Amino acid sequence: LTVSWQVDGLDPTLVGTFYGLVPRHSFTNFGLGGTVQITTAGTGVVSGSVTLAGVKYPVVGTLDKTVGNDPTASLIIKRTPLALGDLILDEVTLETGGNRLSGVIRDPQFDTVQSQMDIGGSGAGFQNGPGDTAQFDSPSGIAIRGDEGGYIADTGNQVIRAVDGNTGNVSTFVGQVGVSGSSDGSGTAARFNGPEGMALDAAGNLYVADALNGTIRKVTPEGLVSTFAGQAGDRRNLNGTGTAARFHTPTSLCFDPAGNLYVADRVDHTIRKITPAGVVTTLAGKAGLTGTINGAGAAARFNQPQGIAYDPLQKALFVADTQNFAIRKVTLTGTVTTYAGSLGASGFVSGIGGNARFAAPIAIVSDGAGTLIVADRVLRQITPGGVVSTVTEFVDDVGRTDLPVALAITPGDGNVISVDAALHGLVSHEGISASQGIGIEAHRGTWTATNSVPTDLIGNYTAGIETSQLGDAFYPQGDGYATLAVTRTGTATWAGRAADGSPLTGSTVIGPAGEVPLHVMLYKGTGSLQGPTFIEIATGDWVSEPGFDWAKTAQPISVIDRSYREGFITHEVTLNGGKYTPANQLLNFLDLAAGSENAYLEFTQGGLAQAIEQNFTITAPNGVSVPTSTTLNPDVVRLTVTPSTGLFTGTFIPGGSGVKANFAGVLSRNSASNFRRGFGHFLLPTTSAPTSLLQVGRVRLQGR
């Protein structure tokens, strides 16, 4: 943030610019972090900006000094477009004499949600009666009436259960327990075969997706069951009227205001439309064909669409496209677009629109005002502006076996009810308070032309960035590296590369105790490396503190990504290095004795069958000599070292494979850890093809 205020009598330690980090947070920065830059100047008016997930937003507000010597404020972070909604920077406090500013960023669109098992949940079975003793077997559908009573599709028991809105008692509404079939009839005379999604029309009639019969059933409030569309036992895709139409595996249902019923057929990969007169057409998708195509009608493709909901604000359908890992928007005329998530890219990441990731979205419901709730093992919320965040935890917090497969919103209080097929019950989710925000802390930049940075801090620094996941191929296995330049006015500019070769650039202002908050957005806004680092003034060591980490979201299938396309979750990395004086003598910097083969390069991980070690010689003042004969250099290692910066680069061809790997790194030293070495990484193509996948490994340059 950048914030300006002036108040009479404001302590000098409160005036200036404050710099810091925003920790990773689902609701406010989608787990990508950010930076703050807050300027205080004199009038009490606050202005400035906050950068979250790579996007800079302005801040407005006013300083309040009435509470004592430490001024406070509650500020607004103005996000654009307006549909995203504003954030709150709350509990802002400036610490007199401490050169510190702190606060909490919150998104008021999200609540802290309390989830609890309300009905069932004691294991698979069948039992009518009070909600806490009732039992279900793999329930898969729900429909709630205006009186907050409703119906549950008890799939494993082959019946539709009724729940009393006043007492919570559970009874059997229609169907025969444990007996499958397709018979129409009244009450227990009717038969179902794998009933799943349900929806109520304006007259209170219940419609059931009778999945394994391939039919849509209609149930009157009195319990009379008839077949509305489709023919039991003939599961395929055919348009027509009523029982002349065919479905394969109808899974979920919803109505629009005109009384049209929409069906998601997960096996046919289509969205079907049924008019009030029973005329069935295919609104979107092509029967039997999967894919990731947006388009109109039959040109669009789905992959096992399982959830469907109508949103009256946007006047459109929203589909949980389960195996495409996305939420699709379907207009009432059949035009399909991707609303949230990236087609074909799975994950569990908050974000805006296409930058979010879903693991396996199964069910979806609208609150009627543009907000969507998605069942994706836990509940995910999508705001009208397309912001996706996770709003619940696992109910089964030990085994994490939750599998919510249907959703509804209670008409009175707006709470969400999820039907959990694995926990065999109904879970209520109630917003109980404003969402927990993320705390920020920033330091004041105290340096000026007349109050310059201590001489010992000015200069250049180099450091390696080491993974905490060495040996786990799901994470890049090399070392990243960074260089840092600190000027006399405190500007700290860094550059380098992450372990997968991604460039790292940025700048900040060093704090009074040597603080250097580092944040870099990567992968076109779908990943970041960030965390607190500091320079130990006495020793010149540059090191990270806890919370220095790296993450990458699964990439869209349209992106050419040669390494870790599936991304990797946030994991700790360690920055460790120190001051680098441009070396006129590499021997001295690396503390080497003169002589032949006094240094070596070591290549490990990254798909190598075994470690490669290559000797070479550093001669005074800065000569680097690598053997050229294949006898002494069988992996054809080539090395260049730039003494003025400490950077080194090169290539090698492992094991005579004919495939050339590039490597890069930096020389660094650290007095506390007592090392002098080079940190780096190599990128080894899996084949000689120019677009083949890259394997990432570690490079170390060390003296003998």
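The preceding data block contains the structure.
Residues numbered from 1 in each chain as written. Predicted model: local features only at pLDDT ≥ 70, side-chain atom pairs only at ≥ 80, totals over all residues. Heavy atoms only, no water.

Trainee: Can you help me understand the overall build of the protein chain in this one?
Mentor: Scanning the protein chain from terminus to terminus reveals 2 helices and 53 strands. Buried positions account for 55% of the 704 residues belonging to the protein chain. Considering only contacts within the protein chain whose residues lie at least 6 apart along the sequence, 50% involve residues at least 24 apart. One finds the centroid of the 43 positive side-chain charges in the protein chain at a distance of 10 Å from the centroid of its 56 negative side-chain charges. (Helix = DSSP H or I, 4+ residues; strand = E, 2+ residues; numbered from the N terminus. Buried < 20%, exposed > 50% of the residue type's maximum accessible area, 1.4 Å probe, protein only. Contact = heavy atoms within 4.5 Å. Lys, Arg positive; Asp, Glu negative; His and termini not counted. Charge placed at Lys NZ, Arg CZ, Asp CG, Glu CD.)

Trainee: I keep staring at the sheet that holds strand S25 (residues 316–321) and nothing clicks. Help me out?
Mentor: Across the sheet, 5 strands lie side by side as S23-S27-S26-S25-S24; this open sheet has antiparallel pairing. The sheet terminates laterally at strand S23 (295–296) and strand S24 (305–311), the two strands that pair on one side only. (Pairing = 2+ DSSP bridges.)

Trainee: Would you take a moment to explain the pattern of salt bridges for this structure?
Mentor: Opposite charge on two side chains lets them pair, provided their charged atoms get close. According to the stated counting rule, one finds 22 salt bridges in the structure shown. One salt bridge in this structure joins Asp234 and Arg236, with 2.9 Å as the shortest N-O distance. Among the residues examined, Asp234 registers a relative accessible area of 23% and is labelled partly exposed. (Salt bridge = Lys/Arg side-chain N within 4 Å of Asp/Glu carboxyl O.)

Trainee: Please clarify how the side chain of Asp376 should be interpreted in this entry.
Mentor: When you line up the elements, Asp376 lands in strand S30 (residues 372–376). With relative accessibility at 0%, the residue Asp376 sits in the buried group. Engagement of the side chain of Asp376 in a polar contact is seen with the backbone nitrogen of Ala359, the distance being 3.0 Å. A polar atom in the side chain of Asp376 sits 2.9 Å from the side chain of Arg380. When sequence neighbours within four positions are dropped, the list of residues in contact with Asp376 reads Phe348, Phe358, Ala359, Ala360 and Pro361. (Polar contact = N/O pair within 3.5 Å; in protein donor to acceptor, adjacent residues only side chain to side chain.)

Trainee: Sorry, what's going on with the environment of Gly204 here?
Mentor: Looking at the secondary structure, you find Gly204 in the loop between strand S14 (195–200) and strand S15 (206–210). Put simply, Gly204 and Gly146 are 58 residues apart on the chain and 9.3 Å apart in space, counted from C-alpha to C-alpha.

Trainee: Got a minute to help me understand unusual backbone geometry in this structure?
Mentor: Excluding glycine, residues mostly carry a negative phi; peptide bonds, for their part, are mostly trans. For the bond running from Thr80 to Pro81, omega is -5°, close enough to zero to count as cis. Along the polypeptide, Pro81 turns up in the loop between strand S5 (72–77) and strand S6 (87–95). For the bond from Ala620 to Pro621, the omega torsion is -5°, close enough to zero to count as cis. Considering the arrangement of structural elements, one finds Pro621 in the loop between strand S47 (612–619) and strand S48 (623–625). With a phi close to 55°, Tyr523 is a non-glycine residue in the positive phi region. Its identity is not glycine, yet Gln605 carries a phi of approximately 65°, on the positive side. For Gln605, the position within the fold is in strand S46 (residues 599–605).

Trainee: It is not clear to me how the packing of aromatic side chains should be interpreted in this structure. Could you clarify?
Mentor: The geometry of an aromatic ring pair comes down to the distance between the two centres and the angle between the two planes. One pass over the full model with this rule turns up 15 aromatic pairs. When the centroid spacing of 6.4 Å and the interplanar angle of 50° are considered together, the rings of Phe648 and Phe663 count as tilted. Within this pair, whereas Phe648 is found in strand S50 (residues 647–652), its partner Phe663 is found in strand S51 (residues 661–670), the two being separated by 15 residues in sequence. Residue class for Phe663 comes out buried when judged on its relative accessible area of 4%. Through pairs of rings, three or more aromatic residues link up here, namely Phe603, Phe648, Phe652, Phe663 and Phe682. When the ring centre of Phe302 is taken as reference, the NZ or CZ atom of Arg328 above it lies at 5.0 Å. A cation over an aromatic ring shows up here: Lys552 above the ring of Tyr523, its NZ or CZ 4.6 Å from the ring centre. (Phe/Tyr/Trp six-rings, centres within 6.5 Å; stacked < 30°, edge-to-face > 60°. Lys NZ or Arg CZ within 6 Å of the ring centre and 35° of its normal.)

Trainee: Would you mind going over the nonpolar core with me for this structure?
Mentor: Side chains that are nonpolar tend, in soluble globular proteins, to be buried together. With 37 residues, the main nonpolar core has Val22, Val50, Ile77, Ile105 and Leu407 as its most contacted residues. The residues contacting Leu407, other than those within four sequence positions of it, are Ile142, Ala363, Ile364, Val365, Ile373, Val374, Ala375, Leu379, Val416, Ile417 and Ser418. Core analysis: the next-biggest nonpolar cluster, separate from the first, contains 35 residues, Leu484, Ala492, Trp494 and Leu575 among them. (Core = buried A, V, L, I, M, F, W, Y, C linked by side-chain atoms within 4.5 Å.)

Trainee: I keep staring at the environment of Asp635 and nothing clicks. Help me out?
Mentor: Along the chain, Asp635 falls in the loop between S48 and strand S49 (638–642). For the pair Asp635 and Phe652, spaced 17 residues apart in sequence, the C-alpha separation works out to 5.8 Å. If sequence neighbours within four positions are ignored, Asp635 has contacts with Ile612, Phe652, Ile653, Pro654 and Gly655. Side-chain polar atoms of Asp635 contact the backbone nitrogen of Gly655, separated by 2.7 Å.

Trainee: Hey, could you run me through the sheet that holds S5 in this one?
Mentor: The strands making up a sheet are joined through hydrogen bonds of the backbone, oriented either antiparallel or parallel. Strand order in the closed barrel formed by 8 strands is S1-S2-S3-S4-S5-S6-S7-S36, with antiparallel pairing between adjacent strands. Mean inter-strand twist for the sheet, computed between neighbouring axes without regard to direction, equals 25°. Here 7 bridges tie strand S1 (residues 16–22) to strand S2 (residues 34–40), and the two strands are oriented antiparallel to one another. Looking at S2, one finds that Val22 is bridged to Gly34. (Axes fitted to C-alpha atoms, helices over the stretch in contact; angles between N-to-C directions.)

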